Structures are given as structure tokens and as C-alpha cells.
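Coordinate inspection notes
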Amino acid sequence: MTSDTKEKRLRLLAKRAGDLSVAAYHGGNRDQAIYFNEKRKRILWLIWSSAQEV
């Protein structure tokens, strides 16, 4: 898997995690919203850190 493909896949996962976080928040499940938000932040950190290595 190329670096661009990996980054694109991670960005899509981060977007999905953000969408799930918002849906959980609007559904009244604060704990699940926080969980998905933490996952999104971790994925974005992975993207950022891999960009710093280049």
C-alpha cells in the first residue's frame, strides 16, 4: 500500500469516526461520542506524524 493510499484511507476513517461521534452525541450517548472523538483524534495524529517523517 502506498503512502498516499494509506493517508487517504486514514482520512476517510477519521471522517467516519467524526460522523459517528456527532450521531452519538445527537442520540444522547455522550460516552460513545467521546469514544469516537478520541478515535478520530488518534487517526488524525497518525496522519500528522507520518507527514512529519517525510
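Scroll up to find the structure this text is about.
So, a few notes on the structure that sits alongside this text.

Thresholds, definitions, all that
- Residues numbered from 1 in each chain as written.
- Predicted model: local features only at pLDDT ≥ 70, side-chain atom pairs only at ≥ 80, totals over all residues.
- Heavy atoms only, no water.
- Phe/Tyr/Trp six-rings, centres within 6.5 Å; stacked < 30°, edge-to-face > 60°.
- Helix = DSSP H or I, 4+ residues; strand = E, 2+ residues; numbered from the N terminus.
- Polar contact = N/O pair within 3.5 Å; in protein donor to acceptor, adjacent residues only side chain to side chain.

**Some remarks on the packing of aromatic side chains**
Throughout the structure, instances matching the rule amount to one aromatic pair. When the centroid spacing of 5.4 Å and the interplanar angle of 70° are considered together, the rings of Tyr35 and Phe36 count as edge-to-face.

**Re the environment of Ser50**
Tracing the sequence through the fold places Ser50 in helix H2 (residues 30-53). The spatial distance from the C-alpha of Ser50 to the C-alpha of Ser3 is 9.0 Å, given a sequence separation of 47 residues. One polar contact links the side chain of Ser50 to the main-chain carbonyl oxygen of Ile47, over a distance of 2.9 Å.

Remember that the coordinates give geometry; whether it matters functionally is a separate question.
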